[in-house]
Amino acid sequence: YLPGTQIAGRLREVATRLAPALGWDPCVALERDRRKDGEGRPLPCGCRVCSLFGDRRPPEGEDAGAAPAAVVARASRLWCFDAPLERAGQVIVRDGVGIDRRTGTSAAQARALWDAEWIAAGARFTLRLELEHGASVDDEVVLALALSEWVEGRGRIGRGASRGGGAFTLEGGTFRRATLETVPDLLAFLHADALDRGAVVEGWLDERLRALRADTSKAGFGHVLPAGATGSFVRICFDLCFRGPVLVNDPVAALAHGLSFAPVFAGSAWERPVLPGASLRGVLRAQVERIARTLAARQAAASPEAAAGFARLCAACSVFVTAAAEKENEHHALRSCAERAEAHGREDADPAEAEERCLGCTLFGSTRIGSRLRIADAELGDKAAPVFRLRDFVAIDRFTGGALEHAKFDALPLYDPVFRVSMELEAPDASGWELGALALALRDLDDGLATVGAHGSRGFGRARVEGVELRLGRIGVRGPEPLPDAVEVGWSGVFRRVDRAPCDAAGLVSAAREAGWIDAFVTLCREVERREDVDPATVQDDYFGRTLLAQPSPVGMEALYPLTVDLAELEEAHG
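The structure presented is a predicted model; accordingly, all values stated were derived computationally and were not measured.

The rules behind each value
Residues numbered from 1 in each chain as written. Predicted model: local features only at pLDDT ≥ 70, side-chain atom pairs only at ≥ 80, totals over all residues. Heavy atoms only, no water. Helix = DSSP H or I, 4+ residues; strand = E, 2+ residues; numbered from the N terminus. Contact = heavy atoms within 4.5 Å. Patch = residues over 30% accessible without salt bridge, like charges linked within 9 Å, V, L, I, M, F, W, Y side chains within 5 Å. Areas by Shrake-Rupley, 256 points an atom, 1.4 Å probe, with all protein chains shown as cover. Salt bridge = Lys/Arg side-chain N within 4 Å of Asp/Glu carboxyl O. Buried < 20%, exposed > 50% of the residue type's maximum accessible area, 1.4 Å probe, protein only. Axes fitted to C-alpha atoms, helices over the stretch in contact; angles between N-to-C directions. Parallel < 35°, antiparallel > 145°, perpendicular 65-115°, else oblique. Nonpolar A, V, L, I, M, F, W, Y, C, P; charged D, E, K, R; others polar. Core = buried A, V, L, I, M, F, W, Y, C linked by side-chain atoms within 4.5 Å. Pairing = 2+ DSSP bridges.

Enquirer: Now, about the side chain of Glu434: what can you tell me, with residues and values included?
Expert: The topology assignment puts Glu434 in helix H14 (residues 433–446). Not counting chain neighbours up to four residues away, the residues in contact with Glu434 comprise Leu363, Arg372, Leu425, Pro428 and Asp429.

Listed below in structure tokens is the structure:
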């Protein structure tokens, strides 16, 4: 079953994020400091979300009696019951591993290896909510706002949401209203089944959504949204067409079938292989960070002074800098944003941390901040039958030219599959830099500069990106501007929905450049100015594992980061 606490927490989270975009007062959950009266005593929040779900931080003790009568803390008016399993989904085990950006292999030093038990797609749970007597019309509107996102398939519950976990859609909702003013009404209520109590209210959700949409259609909402609020989303769907073999290894499936490497399946059904969202997410993150480091390297190659400040110029950190590595070498040019924040004793909500956070962690998240980018597990497009071919490998002895003893393994890759990928970015920056970064990464994937899955050096995992569809949802004028050739198609919950016709990866990059998204990303990469907290004389570049200032000149920078530049021209310009 799904615990009622999980359901209530997710509903509250959705409403809290959307409320400021509708012009409602933000909840204290989005603020660092509690609201206080003139004498410094804490006050209940009093926002519309807390009115329904209960005050997050009610005053206690003597402070409880000091609150104004108009703002009184109270418990939740919404009852969220445990959701029992109606249709079972198979239990599966997934293994995960962090990839070292330098070597492309598992990050063994960071011990980034884990496994988890999941319920496979297809499970169905019965949801039951009750609004108690005394709930206002505003309370019903807040509940309708949260449920509308679940109806549109933008709900997530449980862990691993950014990697495709916990995605669901709310279907077949029935809304009932029961009155308990007379004895017969009370008896009828008590004798009825829990899901059949009260008279059916037709169009309950649609009616409240129409009122919300009318509010969002009004002018403005020009105020700046607080951090954590959501006023827009972007969904990108495309076909990932592999050219040849591809293999994302599932150790559990491999062990069960006597193989060295086996693909990931939805459950145990061989006819349903999937491309895990975590695998594609890792590829896109690595490529975005590679682009950011390349831009920083070009900037640092301009002069010895710029090279000395490379730690401040690079827009992508190294996420696998461990505490042990910190002891061995105190200073890291690209050490992770999480390590930097912890070293300075900053809290998660500290604005200084957000300013120092690199672009990679801002988009893809870190150990201190969740990701707004969600990539779902991708299934075969058009439900095509998968094609498997068993491959045997053997290592060759470099001295004898013969097979190396005890170095034989096999694999069962998919051949020429087409996966339909869907990823969604919540609250994209108005400049569109995140979309520009993703567009560049998808083009590099299409050009073969990045591969998906294992054995990329053996020709596995090369793919084309085709049929790219882009959907933008906005509340009022929130979020990035739509692409010039996009068309408004109606509503998605409380969001105005704007779609663009399908295109290939090159077309996406062309449109993103025209909209200014790519320029925004490049500009941010060039304008990064992280706080200088390292000694340039002892800095080690942990991305390449070399001494950054071994040759303090443009030529030395070129040795570290090979570029297509005229070194003679650089030497002449800088002596």
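Enquirer: Break down a nonpolar patch on the surface for me, citing the residues and quoting the values.
Expert: Together, Leu180, Val183, Leu186, Leu187 and Leu190 give the surface a local cluster of nonpolar side chains, amounting to about 450 Å² of exposed area. Inspection of the secondary structure assignment puts Leu180 in the loop between strand S9 (176–177) and helix H4 (183–191). The exposure class of Leu180 is partly exposed, given its relative accessible area of 43%.

Enquirer: Account for the packing of helix H7 (residues 277–300) against H14, naming residues and giving values.
Expert: Axis separation between H7 and H14 bottoms out at 9 Å; the angle between their running directions is 105°. In this view, H7 runs roughly perpendicular relative to H14, as classed from their interaxial angle. Seen from H7, the contacting residues are Leu280, Val283, Leu284, Gln287, Val288 and Ile291; seen from H14, they are Ala437, Leu440, Ala441, Leu442, Asp444 and Leu445. Of the residues contributing to the contact of H7 with H14, the split by class is 10 nonpolar, 1 polar and 1 charged.

Enquirer: Can you explain the side chain of Asp250? Please cite residues and give values.
Expert: Its location among the elements puts Asp250 in the loop between strand S12 (245–246) and helix H6 (251–256). Accessibility expressed as a relative area gives 8% for Asp250, which makes it buried. What Asp250 contacts, discounting residues up to four positions off in sequence, is Val93, Ala262, Pro263 and Val264.

Enquirer: Quick rundown of helix H15 (residues 505–514)? Include the residues and the values.
Expert: Along H15, the residues classified as buried are Ala505, Gly507, Leu508, Val509, Ala511 and Ala512. Among the structural elements, H14, strand S20 (463–474), strand S22 (495–503) and helix H16 (517–527) are those in contact with the buried residues of H15. Where H15 ends, the next residue or the one after it, Gly516, has phi of about 85°, a positive value.

Enquirer: Describe the nonpolar core, and please don't skip the residues or the numbers.
Expert: Formed by 62 residues in total, the largest nonpolar core has its most connected members in Phe238, Leu240, Leu280 and Phe521. Counting residues per element, this core draws most heavily on H14, which supplies 9 residues. Of all hydrophobic cores here, the second largest spans 37 residues; its members include Val14, Cys27, Cys47 and Leu78.

Enquirer: I'd like a rundown of the pattern of salt bridges, residues and numbers included.
Expert: Following the criterion strictly, the structure yields 28 salt bridges and no others. One salt bridge connects Asp196 with Arg176, and the closest N-O pair in it is separated by 3.7 Å. A residue pair is termed long-range when its members are at least 10 positions apart, and Asp196 in the loop between H4 and strand S10 (199–200) and Arg176 in strand S9 qualify at 20 residues. For Arg176, a relative accessible area of 34% puts it in the partly exposed group. Because the salt bridges share partners, they merge into one network encompassing Arg10, Glu13, Arg17, Arg374 and Glu426.

Enquirer: Lay out the pairing of S20 with the relevant residues and their values.
Expert: The sheet contact formed by strand S11 (residues 232–242) and S20 spans 10 bridges and is antiparallel. Across the sheet, residue Cys241 finds its bridge partner in S20, namely Arg464. Across 6 bridges, the pairing between S20 and S22 is antiparallel. In the sheet register, Leu470 faces S22, and the bridge partner there is Arg500.

Enquirer: Any chance you could break down the environment of Leu470 for me, citing the residues and the numbers?
Expert: Note that Leu470 resides in strand S20. Taking the C-alpha atoms as reference, Leu470 lies 5.9 Å from Asp499; in sequence the two are 29 residues apart. Those residues in contact with Leu470 that sit more than four places away from it in its chain are Val234, Arg235, Ile236, Val498, Asp499, Arg500, Leu508 and Trp517.

Enquirer: Run through the packing of helix H3 (residues 137–151) against helix H5 (residues 204–216), naming residues and quoting values.
Expert: The interhelical angle for the contact between H3 and H5, taken along N-to-C directions, is 100°, at an axis separation of 9 Å. It follows that H3 is roughly perpendicular to H5 by the angle criterion. Packed against H3, whose contacting residues are Glu140, Val141, Leu143, Ala144, Leu145, Leu147, Ser148 and Val151, the element H5 presents Trp204, Leu205, Arg208, Leu209 and Leu212 at the interface.

Enquirer: Before we move on, could you go through the pairing of strand S17 (residues 403–411) and cite the residues and values that matter?
Expert: Across 5 bridges, the pairing between strand S16 (residues 391–396) and S17 is antiparallel. In the sheet register, Ile396 faces S17, and the bridge partner there is Ala403. Here S16 folds back onto S17 in antiparallel fashion, the turn holding 6 residues, of which Gly401 has a positive phi close to 80°.

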